[in-house]
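The primary structure of each chain is shown beneath.
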Amino acid sequence: GRGRGSTFKIEPFKHPIALDPNYAGKTWCILESAIREIHNQNASGLSFEELYRNAYNMVLHKFGDKLYNGVAGALRSHLAGVAARIEAAQGLPFLKELKSCWDDHNKSTQMIRDILMYMDRTYVTQQHKAPVFQLGLDLWREQVVRQPQIHQRLLAILGDMVSRERAGEIVDRALLRATTQMLMDLGKPTYEEDFERHFLATAADFYAKEAQEVIASSNAPEYMLKAERRLAEEVERVKNYLDESTEPKITRVAEHELITVQMKALVEMEGSGLVPLLMDDKYEDLGRMYSLFRRVDDGLALLRSVMGSHIKEEGRALVNDPEKVSAAAAPTPRP
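The paragraphs below set out a description of the structure included in this document. (Residues numbered from 1 in each chain as written. Predicted model: local features only at pLDDT ≥ 70, side-chain atom pairs only at ≥ 80, totals over all residues. Heavy atoms only, no water.)

1. Let's talk about the side chain of histidine 105
This is how the line gets drawn: Working definition: helices are DSSP H or I runs of at least four residues, strands are E runs of at least two. Numbering for both runs from the N terminus. In this scheme, a residue with accessible area under 20% of its type's maximum is buried, one over 50% is exposed, and one in between is partly exposed, where area comes from a 1.4 Å probe on protein chains only. Note on contacts: a residue pair qualifies if any of its non-hydrogen atoms lie within 4.5 Å across the two residues.
Mapping histidine 105 onto the fold places it in helix 4 (residues 91-115). Residue histidine 105 is classed as buried on the basis of its relative accessible area, which comes to 3%. Ignoring sequence-local partners within four residues, the contact set of histidine 105 consists of Leu79, Gly136, Leu137 and Trp140.

Dropping the structure here:
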């Protein structure tokens, strides 16, 4: 017998569950078939409760790896077909196809995420994996947006639409907005690397060329009006279909090409630069020159320098020409 004071340790009763050796394979087949139906937009006949239970049990029985990798594989395989469909479209239909497929992808990935909610909460957290919805975004970026032909065509079409709008044409802004919003939804770095960088470089080229053409064929007031209008247009463009973080960047690019690079030529322009504007009391044009030049480094310093030189020259001229001095001192006759 046991001595006094000895304790009994009661073990919990463990009921061994005899698991069908093909359980994981069979259950995954059911889930895979459901994912295919969701992607084919045939989800109405599915029992989400039953599918949730199947996914729950797979994770419970330590088949989280098989389930997660299976889902990733199913998404990859589906997106390969989606990418081929988008790639086959040209011109504006390409952006429309991209938007339509993106909307479908989001809707179906949300449904798949709902079935796999338990896996997201447990296995995904413990294994430091991307949650199902994020996995869907990552694979869309990798297999669709960054598929070389799609990526190249996306940049070319977006660039062409912006160019046409700068030339005064009407473009489908809602479609442009949907496309840039998709890139933002994939994460700001995607928007910046896969679109914005190219957009800014193209804008720099465009404005460098336009500034040279306009300054060669216009006087200073005409050039400044055009520059002011272009700067306002870029701000408007951001509001219409780009992310707000692009505004200071595109503004800097346009200011550099339209003002910084050309400001010396503008100030010194014969017949319409700073000094002629001062001499002719062109206050509106002088105000515009001031407001444009104050936007860039050394702009106001340049105005001060040219005005200083002009005042000194005028002073010297007065000293050297006594007639001018007496004319300047004489009271203006009343009419």
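2. As for the packing of aromatic side chains
Which entries qualify depends on this criterion: Two rings from Phe, Tyr or Trp (for Trp, the six-membered ring) form a pair when their centres are within 6.5 Å of each other. A pair whose planes differ by under 30 degrees is stacked, one over 60 is edge-to-face, and the rest are tilted. Put simply, a charge is over a ring when the Lys NZ or the Arg CZ is close to the ring centre, within 6 Å, and near the line of the ring normal, within 35 degrees.
Applying the stated criterion across every chain, the model contains 8 aromatic pairs. Members of the aromatic cluster, each reached through a chain of ring pairs, are Tyr52, Tyr56 and Tyr118. Over the face of the ring belonging to phenylalanine 206 we find arginine 166, whose NZ or CZ atom lies 5.3 Å from the ring centre.

3. Concerning helix 11 (residues 247-260)
Stated formally: Multiplying 1.5 Å by the helix residue count minus one yields the expected span of that helix.
Given a rise of 1.5 Å per residue, 14 residues ought to cover 20 Å, and the 18 Å separating the end C-alpha atoms of helix 11 matches this to within 8%. Within the sequence span of helix 11, burial applies to Ile250, Thr251, Val253, Ala254, Glu255, Glu257, Leu258 and Ile259.

4. Comments concerning empty space enclosed by the protein
Regions of empty space are outlined by a rolling probe, equal in size to a water molecule, passed over the atoms. For the record, the criterion: Here a cavity is any set of points on a 1 Å grid over the protein atoms alone where a 1.4 Å probe fits but cannot get out, and a pocket is any open set with protein on both sides within 12 Å along at least 5 of 7 lines; a residue lines the site when it has an atom within 4 Å of a point. Grid points are joined across faces, edges and corners, and a volume is the space filled by probe spheres set on the points. Each residue is assigned to one of three groups, with Ala, Val, Leu, Ile, Met, Phe, Trp, Tyr, Cys and Pro labelled nonpolar, Asp, Glu, Lys and Arg labelled charged, and all others, Gly among them, labelled polar.
Inspection of every chain in the model, using the stated rule, returns 3 cavities of 30 Å³ or more. Estimated volume of the largest cavity: approximately 70 Å³. Leu155, Leu158, Gly159, Val162, Ser163, Arg166, Phe195, His198, Phe199, Thr202 and Ala203 are the residues that line the largest cavity. Of all the elements in the fold, those that place two or more residues in the lining of the largest cavity are helix 7 (148-166) and helix 9 (188-217). Broken down by element, the lining of the largest cavity gets its largest block of residues, 6 residues, from helix 7. For the lining of the largest cavity, the residue count by class is 6 nonpolar, 4 polar and 1 charged.

5. So, the nonpolar core
This is how it is decided: For our purposes a nonpolar core is just a set of buried Ala, Val, Leu, Ile, Met, Phe, Trp, Tyr and Cys residues, chained together by side-chain atoms within 4.5 Å.
Counting 65 residues, the largest nonpolar core has Leu67, Ile86, Leu95, Leu116, Met119 and Trp140 as the members making the most contacts within it. In terms of residues, this core owes the most to one element, helix 3 (residues 64-88), which gives 10 residues. Excluding residues within four positions of it along the chain, isoleucine 86 makes contact with Phe94, Glu97, Leu98, Cys101, Trp140, Val144, Ile150 and Arg153. Formed by 26 residues, the second largest nonpolar core is a distinct cluster that contains Tyr207, Ala211, Val214 and Met289.

6. Looking at unusual backbone geometry
In this model, lysine 62 sits at a positive phi of 65°, which is unusual for a non-glycine residue. Relative to the assigned elements, lysine 62 resides in the loop between helix 2 (48-60) and helix 3. Looking at lysine 62, the relative accessible area reads 74%, which means it is exposed. Even without being glycine, aspartate 281 reaches a positive phi, approximately 55°. On the secondary structure map, aspartate 281 appears in the loop between helix 13 (274-279) and helix 14 (283-293).

7. Let's talk about the packing of helix 10 (residues 220-241) against helix 11
Going by this rule: Angles here are taken between N-to-C directions and fall from 0 to 180 degrees, while the axes themselves are lines fitted to C-alpha atoms, restricted in helices to the stretch in contact. Orientation labels follow simple angle bins: below 35 degrees gives roughly parallel, above 145 gives roughly antiparallel, 65 to 115 gives roughly perpendicular, and whatever is left gives oblique. Take the far helix as the reference: if the near one is turned anticlockwise from it by less than a right angle, the crossing is left-handed, and if turned clockwise, right-handed.
In contact at an axis separation of 10 Å, helix 10 and helix 11 are set at 165° when each is read in the N-to-C sense. For the element pair helix 10 / helix 11, the angle class is roughly antiparallel. For the pair helix 10 and helix 11, the sense of crossing is right-handed. For the pair helix 10 and helix 11, contact is made by Tyr223, Ala227, Arg230, Leu231, Glu234, Val235, Val238 and Lys239 and by Glu247, Ile250, Thr251, Ala254, Glu255, Glu257, Leu258 and Ile259, respectively.

8. Considering the layout of surface pockets
Estimates place the volume of the largest pocket at around 200 Å³. Taken together, 13 residues make up the lining of the largest pocket; nearest its centre are Ile38, His39, Gln41, Asp104 and Ser108. At the level of secondary structure, the elements contributing two or more residues to the lining of the largest pocket comprise helix 1 (23-39), helix 3 and helix 4. Examining the composition of the lining of the largest pocket, we find that 6 residues originate from one element, helix 4, more than from any other. Here the residues of the lining of the largest pocket sort into 5 nonpolar, 5 polar and 3 charged.

9. Quick notes on the pattern of salt bridges
Oppositely charged side chains can pair when the atoms bearing their charge come close. Here is the rule we go by: One side-chain nitrogen of Lys or Arg within 4 Å of one carboxyl oxygen of Asp or Glu is enough to make a salt bridge.
The final tally for this structure, using the stated rule, is 25 salt bridges. As a salt-bridge pair, arginine 141 and aspartate 138 come within 3.3 Å of each other at their nearest N and O atoms. Here aspartate 138 and arginine 141 lie together in helix 6 (residues 132-145), a separation of 3 residues that amounts to about one turn. What makes aspartate 138 partly exposed here is its relative accessible area of 24%. In the salt-bridge network here, residues are joined through shared partners; they are Glu165, Arg166, Arg173, Glu234 and Arg237.

10. Quick word on the packing of helix 2 against helix 3
Closest axis-to-axis distance for the helix 2/helix 3 pair is 7 Å, and the angle between their directions is 130°. By the criterion of interaxial angle, the relationship of helix 2 to helix 3 is oblique. The segment helix 2 lies against helix 3, with Ala55, Met58 and Val59 engaging Gly64, Lys66 and Leu67. Of the residues belonging to the contact of helix 2 with helix 3, the class tally is 4 nonpolar, 1 polar and 1 charged.

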